[in-house]
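# Structural characterization, general
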Amino acid sequence: MAAEKEIPSGASSATASHRPVHSDTAAKWFLMSSVVYFFVVGVIALIIAAKFVWPELLGTIPMFSYGRLRPLHVNGMLFGWLLAADMGLVFYFVPRLCGVKLYSEKLGVATAVLWNAIVLGAVVSLLMGWNQGFEYAELPLVLDVAVVVAWILFGVNVFGTVFTRRYPQMYVSLWYTMGCILWTAFVYLTGNFATLFTTGVNQANLNWMYVHNAVGLIFTPVGLALAYYFIPKAGNIPLYSHKLSMIGFWSLAFFYVWTGAHHMIHGPISQWLQTISIAFSLMLLLPVWTVVYNFFATMKGHWPLTRDNVPLKFLMSGVVFYLLTCFQGPMHSLRSVNAIVSKTDWIPGHAHMAVLGAFSFFAIAGVYYSIPRIFHTKLYSDALANWSYWLAMIGGIGFFVTLWLGGFWQGWQWNNPAIPFIDTVVALKPIWAVRFFSGVLIFGGIATFLYNILATVIHAGPRPQEAVHA
Amino acid sequence: MADYTYPSIYFAYFLFFLFLAGALYFFLRSFRDGYWGATSEDVKYQMLKDEEAEGHGS
């Protein structure tokens, strides 16, 4: 076992057994607001999906047009739900992995308040059409600055906790969390500020670097930090190999940033830049495989646990989706495949599997695991949690598979100049109907998840001891 | 209108190389800190210690 360092004075008010008592106030703020945004933005998602089936829905009111609701859905899910939930869960596990209290709960709450102000500001600005017009970087400049301030506050709190840790060796989740904080600074500043001062192809290239790395260097590292923490904790099983996890971390660190240009394959950028992005996209299979192999080897002999353990069920399904989405990514960066699937419905199918199927599943699992512990109670309903899993799972599979098939079909049609474009739109109507009904199922999963979490918090009382160690 | 394309791209390059240098430094340092040695697996058992046994927070 790693030797324990002397507890830094002032770093924590340790109990008699030298173990800190976590108040988790900042985590509560982030987690509770994020699950509510998950539901609210889920309604927006349903409206968007319905507009594909019934284009006249909500008439011509500008505020409810597709062009305004779509960025609201994207930003709401990314920053209102997923990143906020990730930040709350980071505030939960970082102090525990470090063996000290959070550096400052007050700073954490201030960060959460600012984050909520940003999300509400984004709702207003995007509905009003105040939009910078860049994918994933739609927020107005003033909100971009606020995001940077909030991220600095978050980083100070996390690094402040890590610097005062009791255990000298850092578990891989801490590596990924710190990497996420630093890489986000690079990715966000480049994507939201440098792009404003560039033009043409350079601007597009920077923007796509940002879009891809928003997933690859923000949501991937923090998502994997959650998975590396919650899979062993939820199953009470040691990780297969910490050394392998280090290989995954460093290969992600060195390979990922180069891949953004694969969004512009067959576009007006240099062939050498396209080739570099393809080569690095293929090299991503290395960090992905180290992660997936590590989790599967961890679960070897323990798969029956997933039968009754809902967090573990979400986590391991998320790992499978992570494998699939990370196999898709390198494959559709190949020029031949890209010529068919680029800009088609395949892409939202792929993106939803990453952000919903993998990273949101990890975050949902983290919320299910941590909320009862934070509030010192039991989960309100295991049956309801199971329902939320199956609704999200069946709806998710329906959504992803339908869009892959539809996207491939769409791409073949687009590659045939004899087919008028409008015919390719009409042809996809059945695909979009299945997409909508799959979305209804996913939303059912989100609604039961929200209800279960709120009921858990409302009914929180003294926690039975056996549940603590379950 | 002034064209800020090159300063912006140089800014992005500067950030990139700054982070690359940082990554190389910490990667090499991870060898010195024992993440690839005989005790590198200890931390995965450490994290399983049940911190919930510590008592209940406010």
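Please read these numbers as outputs of a predicted model, since none were measured by experiment.

Conventions we followed
Residues numbered from 1 in each chain as written. Chains lettered and ligands numbered in written order. Predicted model: local features only at pLDDT ≥ 70, side-chain atom pairs only at ≥ 80, totals over all residues. Helix = DSSP H or I, 4+ residues; strand = E, 2+ residues; numbered from the N terminus. Buried ≥ 20, exposed ≤ 12 C-beta atoms within 10 Å, placed from the backbone. Contact = placed C-beta atoms within 7 Å. Core = buried A, V, L, I, M, F, W, Y, C linked by C-beta atoms within 7 Å. pLDDT = per-residue confidence, 0-100. Expected span 1.5 Å × (residues − 1). Bend = angle between axes of the 7 residues up to and from the residue. Axes fitted to C-alpha atoms, helices over the stretch in contact; angles between N-to-C directions. Parallel < 35°, antiparallel > 145°, perpendicular 65-115°, else oblique. Left-handed = near helix turned anticlockwise from the far one by under 90°. Nonpolar A, V, L, I, M, F, W, Y, C, P; charged D, E, K, R; others polar.

## So, the overall build of chain A
Across its full length, chain A holds 16 helices and zero strands. Per-residue burial over chain A gives 52% buried out of 470 residues. For chain A, contacts bridging at least 24 residues in sequence account for 84% of all contacts bridging at least 6.

## Digging into the environment of Thr199 of chain A
Here Thr199 of chain A lies in the loop between α5 (172-192) and α6 (200-235). For the pair Thr199 of chain A and Phe361 of chain A, spaced 162 residues apart in the sequence, the C-alpha separation amounts to 38 Å.

## A word on the nonpolar core
The nonpolar side chains of soluble globular proteins are, as a tendency, buried together. All names here are of chain A. Counting 138 residues, the largest nonpolar core has Phe30, Ala227, Leu315 and Ala365 as its most contacted members. Counting residues per element, this core draws most heavily on α6, at 20 residues. The residues touching Ala365, leaving out its near neighbours within four places in the chain, are Phe230, Ala234, Pro311, Phe314 and Leu315.

## Observations concerning unusual backbone geometry
Residue and element names in this part refer to chain A. Notably, Asp24 is not glycine yet its phi reads approximately 60°, a positive angle. Mapped onto the elements, Asp24 comes out in the segment before α1 (25-53). Accessibility expressed as a C-beta count within 10 Å gives 25 for Asp24, which makes it buried. Residue Tyr136 is not a glycine yet carries a positive backbone phi of 65°. Looking at the secondary structure, you find Tyr136 in the loop between α3 (105-127) and α4 (141-163). We classify Tyr136 as buried; it has 22 C-beta atoms within 10 Å.

## Some points on the confidence of the model for chain A
Residue and element names in this part refer to chain A. The share of residues in chain A with pLDDT of 70 or more is 94%, and the mean pLDDT across the chain is 91. The low-confidence segment residues 1-16, where pLDDT is below 50, has 32 contacts with residues more than four positions distant or belonging to other chains. In this model residues 465-470 is a low-confidence stretch, pLDDT under 50, and it forms four contacts with partners more than four residues away in sequence or in other chains.

## Observations concerning the confidence of the model for chain B
All names here are of chain B. Confidence in the prediction for chain B averages 79 pLDDT; 81% of positions are at 70 or higher. Of the regions scoring below 50 in pLDDT, residues 53-58 engages in 13 contacts with residues more than four places distant in sequence or in other chains. The ipTM assigned to the predicted complex is 0.82, against a pTM of 0.91.

## What about helix α12 (residues 346-374) of chain A?
All names here are of chain A. Between its terminal C-alpha atoms α12 stretches 39 Å, which fits the 42 Å expected from 29 residues at 1.5 Å a residue. At Ser360, α12 shows its maximal bend, which comes to roughly 40°. Within α12, 26 of the 29 residues are buried, leaving the element largely enclosed by the surrounding structure. His376 sits one or two positions beyond α12 and adopts a positive phi of about 55°.

## Things to note about the packing of α1 of chain A against helix α15 (residues 429-458) of chain A
All names here are of chain A. The geometry of α1 relative to α15 is characterised by a closest axis approach of 9 Å and an angle of 165° between their N-to-C directions. In terms of axis orientation, α1 runs roughly antiparallel to α15. Regarding α1 and α15, the two cross each other, and that crossing is left-handed. Along the contact surface, α1 presents Val35, Val36, Phe38, Phe39, Gly42, Ala45, Leu46, Ala49, Ala50, Phe52 and Val53, while α15 presents Trp432, Ala433, Arg435, Phe436, Gly439, Val440, Phe443, Ile446, Ala447, Phe449, Leu450 and Ile453. Partitioning the contact of α1 with α15 into residue classes produces 20 nonpolar, two polar and one charged.

## A short note on the environment of Leu428 of chain A
Relative to the helices and strands, Leu428 of chain A is located in the loop between α14 (421-427) and α15. Discounting chain neighbours no more than four positions away, the residues touching Leu428 of chain A are Asp345, Gly406 and Gln410 of chain A.

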